[in-house]
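Observations on the model geometry
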Amino acid sequence: MTEIQIDTEYITLGQFLKAADVIQTGGMAKWFLSEYEVFVNGEQDQRRGRKLRTGDKIEIPDVGEFTIV
């Protein structure tokens, strides 16, 4: 499991994808979320504006598992 460090109260799912090097640009977030299943704390979510906070777990099948710290 890869840890992603944030310095703010939260990070959006779209920002997370870029910070985790899953996508190369923020503009790819909408496309990525429409093509791949992304699970936040065990629930599927496709909202790029979803707020992720410390302790949240993100799983992307065939890509990896991440934790926000």
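Residues numbered from 1 in each chain as written. Predicted model: local features only at pLDDT ≥ 70, side-chain atom pairs only at ≥ 80, totals over all residues. Heavy atoms only, no water.

1. Thoughts on the sheet that holds strand β1 (residues 2–4)
Note the following rule: Pairing between strands requires that DSSP locate at least two bridges from one strand to the other. The secondary structure listing takes helices from DSSP runs of H or I that are at least 4 residues long and strands from runs of E that are at least 2 residues long, numbered from the N terminus.
Spatial strand order, β1-β7-β6-β3-β4: 5 strands in an open sheet with mixed pairing. With partners counted over all chains shown, the strands left at the sheet margins are β1 and β4 (43–44), one partner each. Bridge count between strand β6 (residues 57–60) and strand β7 (residues 64–68): 4 bridges; the pairing is antiparallel. Paired with E59 across the bridge in β7 is E65.

2. Structural notes on the packing of aromatic side chains
Basically, it comes down to this: A pair of aromatic rings is counted whenever rings of Phe, Tyr or Trp (Trp by its six-membered ring) have centres within 6.5 Å, and the orientation is called stacked for planes under 30 degrees apart, edge-to-face for over 60 and tilted otherwise. The criterion is that NZ of a Lys, or CZ of an Arg, lies within 6 Å of the ring centre and within 35 degrees of the ring normal, and then a charge sits over that ring.
In the structure shown here, the tally under the stated rule is 4 aromatic pairs. These aromatic residues form a ring-pair network of at least three members: W31, F32 and Y36. Lying across the ring of Y10, K51 places its NZ or CZ 4.7 Å from the centre.

3. What about the side chain of T12?
Inclusion rule: By definition, residues are in contact when any of their heavy atoms lie within 4.5 Å.
Mapped onto the fold, T12 is located in strand β2 (residues 11–12). Excluding its chain neighbours within four sequence positions, the residues that come into contact with T12 are R48, G49, R50 and L52.

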